[in-house]
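One-letter residues, chain by chain:
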Amino acid sequence: DEIEQLADDFLLPITGETLRSNLAAPGTYAGLELVGGGLKFSAAMPSQQAGWITLRCVNASDTEVRGEWRVGRAITEANTTRLDETILAPCVVSGNIIHFTAAPKELVTILARE
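A. Main features of the overall build of the protein. A count of helical and extended segments in the protein gives 1 helix and 9 strands. Starting at the N terminus and ending at the C terminus, the protein contains elements arranged as α-β-β-β-β-β-β-β-β-β. Burial status across the protein gives 28% buried among its 114 residues. Sequence-distant contacts in the protein: of pairs separated by 6 or more residues, those separated by 24 or more amount to 63%. A total of about 8,000 Å² of accessible surface is found on the protein, and carbon and sulfur atoms cover 55% of it.

B. A look at the side chain of Glu68. Mapping Glu68 onto the fold places it in strand β4 (residues 65-70). Reaching out from Glu68, the side chain makes a polar contact with the side chain of Arg70 at a distance of 2.8 Å.

C. Quick peek at the environment of Glu77. Structurally, the position occupied by Glu77 is in strand β5 (residues 77-81). Put simply, Glu77 and Val93 are 16 residues apart on the chain and 7.0 Å apart in space, counted from C-alpha to C-alpha. Excluding anything up to four places from it in sequence, Glu77 contacts Trp52, Val93, Leu111, Ala112 and Arg113. Side-chain polar atoms of Glu77 contact the side chain of Arg113, separated by 2.6 Å.

D. Here's a closer look at unusual backbone geometry. One non-glycine residue, Glu85, lies in positive phi territory at about 70°. With respect to the helices, strands and loops of the structure, Glu85 is situated in the loop between β5 and β6 (87-90). Classification of Glu85 by relative accessible area gives buried; the value is 6%. With a phi close to 65°, Lys105 is a non-glycine residue in the positive phi region. Summarising the element assignment, Lys105 is placed in the loop between β8 (97-102) and β9 (107-113).

Conventions we followed
Residues numbered from 1 in each chain as written. Predicted model: local features only at pLDDT ≥ 70, side-chain atom pairs only at ≥ 80, totals over all residues. Heavy atoms only, no water. Helix = DSSP H or I, 4+ residues; strand = E, 2+ residues; numbered from the N terminus. Buried < 20%, exposed > 50% of the residue type's maximum accessible area, 1.4 Å probe, protein only. Contact = heavy atoms within 4.5 Å. Areas by Shrake-Rupley, 256 points an atom, 1.4 Å probe, with all protein chains shown as cover. Polar contact = N/O pair within 3.5 Å; in protein donor to acceptor, adjacent residues only side chain to side chain.

Right, dumping it as structure tokens:
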């Protein structure tokens, strides 16, 4: 876990740099970020349901973790689901942040949409 955290500190967030030959003003772009000690990224992919995205992570720790998915766009709705994307419960959403809780060793799947 410590090695992965050090790698994340070095590699994240991914940023872009401008080229001298590029005359356009540089922009800032946000991507996808998983926040929470012990949480490991598993998947980010289009959902089986049109207009939704599936976000998946696993809690590798032995304790409950409060986590967040930070998405580059505002989210209007998010739900925890089973692996087959059957909705279990709504998640709290604050703009572009999806809040969730992961039990020890739990695989968490979330369906979200703009």
